[in-house]
Structures are given as C-alpha cells and as structure tokens.
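# Coordinate inspection notes
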Amino acid sequence: FHVSARTLATHALSIFGDHSDVMTARTTGFALLASSSVQEAQDMAMIAHMSTLKARVPFLHFFDGFRTSHEVNKVDLLFDEDVRTLIDEELVKAHRERALNPDNPVLRGSAQNPDAFFQAREACNGFYMAVPGTVRDSMARFEKLTGRRYGLFDYSGAPDAERVLVQMGSGVGASHEAVNRLVTEGQKVGLVTVRLYRPFDAQAFVDVLPKTVRAIAAMDRTKEPGAIGEPLYQDVVTALAEAWPDGKAVPKVIGGRYGLSSKEYTPAMAKAALDELTAAKPKRHFTVGIVDDVTHLSLKWDEEFDTEAKGVTRAIFYGLGADGTVGATKNTVKIIGENTPLHAQGYFVYDSKKSGAITVSHLRFGPKPIESTYLIRQADFVACHQFEFMEKLDVLALARNGATFLLNSPYGPNEVWGKLPRETQEQILAKKLKFYVVDALAVAKQAGLAGRINTVTQACFFAISGILPREEAIEKIKEAIRKTYGKRGDTVLNRNFAAVDASLAALREVKVPARADSLLTRRPIVPRAAPDFVQRVTAMMMDGKGDLLPVSAMPVDGTFPTATTQWEKRSIALEIPIWDPKVCTQCAICPLACPHAAIRMNVFSPDEMKRAPSTFKAVPWSRKDGGPLDGMLYSLQVAPEDCTGCGICVDVCPSRSKEVVKHKAINMAPKLEHLEEERANYEFFLSLPEVRPSFDTIDGLRGSQLRQPLFEYSGACTGCGETPYLKLLSQLYGDRLMIANATGCSSIYGGNLPTTPWAKNADGQGPTWANSLFEDNA
C-alpha cells in the first residue's frame, strides 16, 4: 500500500496530513516504510515492492498527506526498464503461486482454538526478523542501479554530535536544513531519518547514532492521548534500553509533537527542539509550532531563523478555488523544471472548503534540489489574482523588499492606486515594490474564456519574472496549453492562445506615487456586532491567522457555535442577480433554488419603508385572496457578498419581459457596479420582521420561502444541487432539527471551520449538528 498519511478524526475531522492513521496500523503486521520527500516517495515505493516480494510481509509505504503528496518537484525518474531490473521475476512467480487457486485448493483464515492459536501466531517470527536485512539488500541493489543511497536509518550532521533529532516524513526536510545551518556555526547537532519504522531494528538505529550523543529529541507527527509518550519516542527509548552499548551512559530522550493536521513545521522549530536539549531540565514531552497556554508544553521558536538557500527565486500566488490559479502555477513549475536547468518546487495551500475558497501557491526555483518542506516567508514575486482580496487580506505581508507585485485589477495603471487600501499603499512604498496590473478577467472574456484567468496570469508572470526569455516562455506556455486542452479541440486551444498573446499587451507597470493617500482602509474581518467568540477566534481563522490562536482559545471537546457564515462575507461573485419588480410574478422559485440562501423574499408593512434606503425596491403583495398578507409590500433581495454568482436564480426564473429580449424578473449584472447599494439594501432587508403565515392560509411554496433559512451562505460549490434541499428543510423544521451527519460534501460545506451555515432564529433556536467520520450516523 502507498499511503498519503493523514489525520484521523477525533474531536473533529481533518483532511490534512500527519501520522495518526499510520500509527494505528503498527499492530497489523505490515512493515512500515517512510518517505520524506517527493523523490523518496518514488524511490521508497520501488524499494517496498522489491522487499515485500522477498520478505512475504506486506508493506505500507507512507509519505505525508498534502506536504509530500501534493507537492510538485523535479525528480530523477525510474523507468520501466529500471523496474524490470530491480524486480526478481522468480519472486513474482512464487507470489502468484501462493494465490488462492481451485487447482491447488487450501484454506486460509480458519477459526482457531486455544490449543493452536498462540503457536501459530509465533510461527511467522522468522519472516519479521528477516525484514530489516531484506530491506537493506533492496536498498543496496537500488543504489547500485540509481546511485541514490538509502539506509534503514540515515544520519546527517556533526560526526561528534551531542544533540540529535529523530524524525520521519516530510518534517525531515526542515530539520535537515536547520541541522546543516547549525553545524556550519560549530554546533554539535545531528538528525536521524527513520525509513524502516516497522519492524524497528534497534541495533541498526543505535549503530547510526554518534557515540558522543548525550540527548535525543524524538519528533512525532501524531498524538496518542493517555500514552506514556508518542510512538516514535517510545521506540527510541526502547531501542536504547535494548541495544545501547553496556557501560556507556545512555542518552537522555525527550519527545516532541509537531505538525498535526499539516500544521507548519519550519527549520526554526527544529532548532527550538535542539535548543531544548541544552536545558538543565528539558521538557520530557513538548509541542512545537503552537502556543500552549493551558498545559504549557510548547516551545518558543525564533521566527527570524532562516535557512533558505541563496539563489532561490520564491513566488506566491493568491487565487480563488476553481479560478485556475493552482492549475496555472503547477504548469509553471513543470515548464521551468522540464525546460531549464533549474530545479522547481510547487506547494499549494488549500483549505477544506469546496470551490470558492482562497488558495495560496508557493513556488521556488533554484540551481540545486529544493528540499524546503515549509511555506515561503519572504517572496521575490507576489501575485493576487482576485482584486477583492485587497479589501480584506494582507497579501503583501510576505513580500520582501524590492519584490515584484502583480495584481489582477479591473482598474488600469492610472486609477488603481486610488482603489487600494491605504495599508497596501504604505507597504508598496515601504518595501519599494515594483507594481504591475492586468485586467485578466477582461482579457479572458475577450478571448472567450470568461472567468478562467489562469492563462492570462501565467503569461504575465513569465513576462515580468525573467526566469525564461519572454518569447521562449510564451512558446512553452502554449505547449502546456496543447497538452492540457488538446483533446477539447481547436476552438478551446485558439481561445487560450489568444488569451496568452493579449495578456502581454494588457500588462502594465504602475508608476507608484511618492506617498500613500488612499481614503480606503481594509475592512475589519468581522463587524463589531459579531459575538465575542467570533471576534476572538473565528475572525482570526478567517484572516488566515489561525496558527496564532493559543490552546486556550479552543473548545476542549470540539463544540463550536453555529450561525457564523453570516460574518464571513466572502464576496466571490463577479456578477450578482438584480431584481426587476416590474417583470416579477412573485412566484418564489428563485429563492427556493438558491444554493446559498443568498437571494430571499419577504413581506412587510408599508410603514417599514419609511426607514428603507432610497435604492431599496418593494412592490405590493400580488395575491389578493383576503389572506393575512393583503396590503403588505413584497421584496426580493440579494446578499451581494454572500452570493457566489452561479446564476441558477436566473436560469429558473419563469418571468420574461415582453419588451426586452432575454430580460427576466431577475438578471445577472456586474457586482462592483451594484455592491455598495445592495450592501445597504440587504442590511435593511435583514432588519425586517419575519412573517410566518401558516400553510393553510398561503400556498406551500411561497409560504416556505417567507420563512427564515436556518442554513445560509454555505461553502458549497457554486451552483450546488444539494444545498437547496437542506435550506428548505431548515425553513420548514429548522427550529427543531437534530442532524446526524455522515461524512461527505455535507460535512465540508456544513461543518467546516472557520464558519458554519447552520443558523439560529431570533429566539436562538436552530439546527444542532454532529458529524462522525464513519457512517454510523447514516
């Protein structure tokens, strides 16, 4: 099995990486083999297959989910002929002959009694004792063919090290950089990289340790509540007890947890663990990478400790899920890696939302192999592919002095400066950034690629980064387009080619003024009206600063408040629906079909209009049936910052203008032209009292849509087909719903932090929700 190791659900589900799933497999009898990089993931996969055939023991080869499995890097490939050379055909034949076969029938998986089970359990011991030697032989054969050397345990660092880290998985890259840097400064430190974790060969582990070692920090990317220590820590202690030479002082061992759920792990954190080993009384068990103000196990680390190699170009791209940014940056890494002598690395930070979440792509290019398994902290190039991000995100925080900034902007080089928040202007001036703009949306639209800006922004990156000569870069981009879209026909290819050519003409450098003079400032992440927990905790996560939250901020059992998407205001739509009351028949179909509860209807007394904004639209309620709503006014209103721009409301609208072709009662229009007035309109709309006519006085469809949705503004994909049903359910029964959720999309758009769409009514009632990773609930 080749496993991208990920987090097991505990107090919460997480799709991200650590070793908790692998560690639950320790008792299964599988051999466990670990990779710490993209290159090793390929190489250890080969070694695992070589070894399992000879050992007759199943192998679980693992590497860190996301940090390794989703990294793009330049590697030395194994080819089919290499595999043929390394795999022994006789072993394959023997393996197949052991398969179940009615020509040679056997029984496996019998039910055994106390008289035989124990002995039979011990009968396989010889196979497990032979595994380390078998893997060592496989590694030796692999080295002979490829030149790449691996051991069961590999040591790097000072030959006379006194302090040593023990680690496996992607954290090794960051620790390796830290150790190298400290050794050049004269410190006696080292690193043991664990490859064959099960069976754990105690003698082989002790043999690679310098005999000068006095203290060891075993670094675990998992947590086992109630255990005396984490798994690797316990193994190191046991190995030393069994195999350390008699008569020599046994090194002190401490155990550290790091990187749970893909939490960032940097060389500075590795240094903090090594520094802890110098303390007179080091923490026996510690954490690093978080601030633990409850049990006080965390180590402080030096944010300024930097081990990035010289000559490496670093670039960061901010995009929106499904806008093509990640795809384009992956192509960029491949173009540079395959067409230049440079090494290239790409890592892509997603959250677990569906499309429409913020993505951050981290790219490195340099003359040597890139092993930096952590995020960029100082970028030479920063691109922001969504102008709306400028209003709420500090996208220039990671730009180094003198870096280049590319902004996808609807405003040209002469007007964009006045549209930026003052904070951004100050950063551009203080850091002396080169500033470029391109209206990627306009270029893409003109080329027939509305909304897909990846081709445009990629061309602009190559045009101003100088990594490849411009003409060569354009040709390579077009080659990549042919590979990606060739099967879709000439029309799609030509549209993309046109977008590439038009990009360079649309790219403009901004002449930066001498001072910051903007009247705009970044909007607060959440308004002051938000509850205390949202202000303290949720807002930090929404601002991308959740890593700074201390342990004390977290609910101890995973219980979080509901009704929090109302504070998020993602504002991801390019176009929003605008209501034309003259055409509307008040049928209620559009709010029924809206996947995000972003378009709503209500009725209210004419007196309420006295406090309405001048742009707010309302008309008399059209049903004159003597019911409770006679004499009331009706309004249909969009939430401009919560709408995703899917256009489903327009698709389902049955009311067409008799004067204007294709004009309906609701029509998509550019958001920026309507944003300010619709913000004010929606704020007033939410202040209107809820009318809940009983279903025997009004038809069920309209009646349901006059009720407050208690499922709103979810993170579901634009145009989702599931969420309208949940929203309707919440309108009918939301004040008494108890939901047992089975994991799937419903857990990601329904229970994904930082916010949840399950909401409350004015009385504080609403759906209560719990999720299980397994399907028990269903």
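Figured I'd write up the structure that's included with this text. In this convention, every chain numbers its residues from 1, walking through the sequence in written order. The predicted nature of this model means local features are confined to residues of pLDDT at least 70 and side-chain atom pairs, given and counted, to a pLDDT of 80 or more, with totals for whole chains, interfaces and linings taken over all residues. Based on all heavy atoms of the structure, the side-chain values leave hydrogens and waters out of the count.

Secondary structure elements are defined from DSSP: runs of H or I of at least 4 residues count as helices, runs of E of at least 2 residues count as strands, and each element is numbered from the N terminus. Regarding its fold elements, the chain presents 24 helices and 26 strands. A globule of 778 residues ought to have a C-alpha radius of gyration of about 28 Å, and the chain, at 30 Å, matches this closely. Expressed as a percentage of contacts within the chain between residues at least 6 apart in sequence, the contacts between residues at least 24 apart total 75%. Only the protein chains shown count as cover for residues, with accessible areas throughout obtained via the Shrake-Rupley method and a probe of 1.4 Å. Accessible surface for the chain amounts to roughly 36300 Å². Of this, 54% is attributable to carbon and sulfur atoms. The charged-residue count follows a simple rule in which Lys and Arg add positive charge and Asp and Glu add negative charge, with His and chain termini not counted at all. Here the site of a charge means atom NZ of a Lys, CZ of an Arg, CG of an Asp or CD of a Glu. Between the averaged position of the 90 positive side-chain charges in the chain and that of its 91 negative side-chain charges there is a distance of 2 Å. In this description the radius of gyration comes from C-alpha coordinates, and the expected globular size is given by 2.2 Å times residues to the power 0.38. By the convention used here, residues are in contact when the closest approach between their heavy atoms is within 4.5 Å.

Okay, the state of the cysteines next. Put simply, a disulfide is two cysteine sulfurs that come within 2.5 Å. Inspection of the entire model under this criterion finds 0 disulfides. Looking at the unpaired Cys646, the closest cysteine sulfur is the one in Cys649, lying at 6.2 Å. The partly exposed category is assigned to Cys646, whose relative accessible area is 28%. Residue burial is assigned from relative accessible area. The probe radius is 1.4 Å, only protein chains are included, and a residue is buried under 20% of its type maximum, exposed over 50%, and partly exposed in between.

A separate point is the sheet that holds strand β3 (residues 59-64). Here, a strand pair is defined by DSSP locating no fewer than two bridges between the strands. The strand order across the open sheet built from 4 strands is β1-β3-β2-β8, with neighbouring strands paired in mixed fashion. The sheet is open, and its two edges are formed by β1 (2-5) and β8 (196-198), each paired on a single side. For this sheet the average axis-to-axis angle between neighbouring strands, irrespective of direction, equals 30°. In terms of strand pairing, strand β2 (residues 31-34) meets β8 through 2 bridges, oriented antiparallel. Opposite Leu33, over in β8, you have Leu196 as the bridge partner. Along the sheet, helix α2 (residues 38-55) contacts β1, β2 and β3; its crossing angle with β3, the most-contacted strand, is approximately 170°. Each axis is a line fitted through C-alpha atoms, and for a helix only the stretch in contact is used; angles between axes span 0 to 180 degrees, taken between their N-to-C directions.

Before going further, it helps to spend a moment on the sheet that holds strand β10 (residues 252-257). Within a sheet, neighbouring strands are paired by backbone hydrogen bonds and run either parallel or antiparallel to one another. The mixed open sheet is built from 7 strands, whose spatial order is β5-β7-β6-β9-β10-β11-β12. The strands lining the two open edges of the sheet, one partner per strand, are β5 (153-157) and β12 (298-299). Where strand β11 (residues 285-288) meets β12, 2 bridges bridge the pair, whose relative direction is parallel. The residue bridging Val288 from the neighbouring strand is Leu299, located in β12. With respect to the sheet, helix α10 (residues 267-276) is in contact with β6 (163-167), β7 (189-194), β9 (215-220), β10, β11 and β12, its orientation differing from that of β6 by roughly 130°.

A few words on the environment of Pro199. Position of Pro199 among the secondary structure elements: in the loop between β8 and α8 (202-208). For the pair Pro199 and Arg26, spaced 173 residues apart in sequence, the C-alpha separation works out to 9.2 Å. Discounting chain neighbours no more than four positions away, the residues touching Pro199 are Ala31, Tyr128, Val131 and Pro132.

We now examine helix α7 (residues 171-184). Note: α-helices contain 3.6 residues per turn, so residues at a spacing of three or four share the same orientation. Multiplying 1.5 Å by the helix residue count minus one yields the expected span of that helix. If you check α7, its first and last C-alpha atoms are 21 Å apart, about what 14 residues at 1.5 Å a residue would give, namely 20 Å. Turning to α7, its buried residues number three or more, namely Gly171, Val172, Gly173, Ala174, Ser175, Glu177, Ala178, Val179 and Leu182. Turning to α7, the residues buried within the fold contact β3, β5, β6, β7 and α10. Positive phi shows up at Gly186, right after α7, with a value of about 95°.

With that out of the way, let us pick up helix α18 (residues 532-542). Listing the buried residues of α18 in full gives Phe533, Val534, Val537, Thr538, Ala539 and Met542. Positive phi shows up at Gly544, right after α18, with a value of about 75°.

Only the six-membered ring of Trp is used, alongside the rings of Phe and Tyr, when aromatic pairs are assigned; centres must lie within 6.5 Å, and planes under 30 degrees apart are stacked while those over 60 apart are edge-to-face, with the rest tilted. Summed over the entire model, instances satisfying the criterion amount to 24 aromatic pairs. Between Tyr258 and Tyr265, the aromatic rings sit 4.5 Å apart at their centres with planes inclined by 45°, giving tilted as the arrangement. Exposure remark for Tyr265: the relative accessible area of 3% places this residue in the buried category. Grouped by ring-pair contacts, the aromatic residues Phe317, Phe365, Phe381, Phe461 and Phe462 constitute a single cluster. Two thresholds decide whether a charge sits over a ring: the Lys NZ or Arg CZ must be within 6 Å of the ring centre and within 35 degrees of the ring normal. The side chain of Arg364 reaches across the aromatic face of Tyr374, ending 5.1 Å from its centre. A cation sits over an aromatic face here: Lys569 above Tyr713, 5.4 Å from the ring centre.

Next up on the list: the pattern of salt bridges. In the sections that follow, a salt bridge refers to a side-chain nitrogen of Lys or Arg positioned within 4 Å of a carboxyl oxygen of Asp or Glu. Counted according to the given criterion, the structure contains 41 salt bridges. Residues Arg692 and Glu690 are paired through a salt bridge, measuring 3.3 Å at the closest nitrogen-oxygen approach. Taking the relative accessible area as the measure of exposure, Arg692 reaches 42% and is therefore partly exposed. When salt bridges that share partners are traced, they join Glu391, Arg523, Glu641, Glu676 and Arg679 into one network.

To continue, consider empty space enclosed by the protein. A 1.4 Å probe that fits but cannot get out identifies a cavity on a 1 Å grid over protein atoms alone, an open set with protein on both sides within 12 Å along at least five of seven lines counts as a pocket, and a residue lines either if it has an atom within 4 Å of a point. Grid points are joined across faces, edges and corners, and a volume is the space filled by probe spheres set on the points. This model, assessed by the stated rule, comprises 9 cavities of 30 Å³ or more. In this structure, the largest cavity encloses a volume near 90 Å³. Lining the largest cavity are 14 residues; nearest its centre among them are Cys594, Pro595, Cys643, Cys646 and Cys649.

Its location among the elements puts Phe684 in helix α21 (residues 671-687). Along the primary structure Phe684 and Arg611 are separated by 73 residues, whereas in three dimensions their C-alpha atoms are 8.3 Å apart. Other than its neighbours up to four places away in sequence, Phe684 contacts Glu608, Arg611, Ala612, Pro613 and Phe616.

Take the pairing of strand β18 (residues 434-438) next. A large share of β18 lies buried, amounting to 4 of its 5 residues. When strand β17 (residues 399-408) meets β18, the two strands line up parallel, connected through 5 bridges. Residue pairing across strands places Asn408 opposite Val438, the latter belonging to β18. As a crossover connection, the stretch from β17 through helix α13 (residues 422-430) into β18 is right-handed. A crossover counts as right-handed when, viewed with the strands pointing away from the observer, the path leading from the first strand over the helix to the second turns clockwise.

Here we come to the packing of helix α15 (residues 454-465) against helix α16 (residues 470-485). Running from N to C, α15 and α16 cross one another at 155°; their axes reach a closest spacing of 9 Å. If you check the angle between α15 and α16, you find them roughly antiparallel. Considering the relative orientation of α15 and α16, their crossing is right-handed. The residues of α16 that touch α15, namely those facing Asn454, Thr455, Gln458, Ala459, Phe462 and Ala463, are Arg470, Ala473, Ile474, Ile477, Ile481 and Tyr485. Along the lines of polarity and charge, the residues of the contact of α15 with α16 split into 8 nonpolar, 3 polar and 1 charged. An angle below 35 degrees is treated as roughly parallel, one above 145 as roughly antiparallel, one from 65 to 115 as roughly perpendicular, and anything else as oblique. Two helices crossing with the near one rotated counterclockwise from the far one by less than a right angle form a left-handed crossing, whereas a clockwise rotation gives a right-handed crossing. Only Asp, Glu, Lys and Arg are considered charged in this grouping, and only Ala, Val, Leu, Ile, Met, Phe, Trp, Tyr, Cys and Pro are considered nonpolar; every other residue, Gly among them, is considered polar.

Take unusual backbone geometry next. A cis amide bond links Arg198 with the next residue in sequence, Pro199, at an omega value of -5°. Between Leu753 and the following residue, Pro754, the backbone shows a cis peptide bond with an omega angle of 15°. As for its placement among the helices and strands, Pro754 is situated in the loop between α24 (745-751) and β26 (768-772). Its identity is not glycine, yet Ala563 carries a phi of approximately 60°, on the positive side. Position of Ala563 relative to the elements: it lies in the loop between α18 and β20 (575-579).

To continue, consider the side chain of Thr307. Within the element layout of this structure, Thr307 appears in the loop between β12 and β13 (313-320). Since its relative accessible area comes to 14%, Thr307 is described here as buried. A polar side-chain atom of Thr307 sits 3.3 Å from a polar atom in the side chain of Tyr374. Sequence-distant contacts of Thr307, that is, excluding residues within four places in its chain, are made with Glu177, Ala178, Arg181, Pro267 and Tyr374. Polar contact is defined as a pair of N or O atoms within 3.5 Å, subject to the rule that within protein one atom must be able to donate a hydrogen and the other to accept it, and that residues adjacent in sequence are counted only when both atoms are side-chain atoms.

The next point concerns the environment of Met168. Mapping Met168 onto the fold places it in the loop between β6 and α7. In this structure, the C-alpha to C-alpha distance between Met168 and His19, residues 149 residues apart in sequence, is 9.6 Å.

On to the pairing of β9, then. Counting buried positions along β9 yields 6 of 6 residues, so the element is predominantly enclosed. Judged by which residues are buried, β9 turns out to be covered on both faces: Ala215, Ala217 and Met219 on one side and Ile216, Ala218 and Asp220 on the other are all buried. Relative to β9, β6 runs parallel, the two sharing 4 bridges. The residue bridging Val164 from the neighbouring strand is Ile216, located in β9. Inspection of the sheet shows β9 paired to β10 by 6 bridges, in the parallel sense. Residue pairing for β10: Asp220 is matched across the bridge by Arg257. Remark: the β9/helix α9 (residues 231-243)/β10 crossover connection has right-handed handedness.

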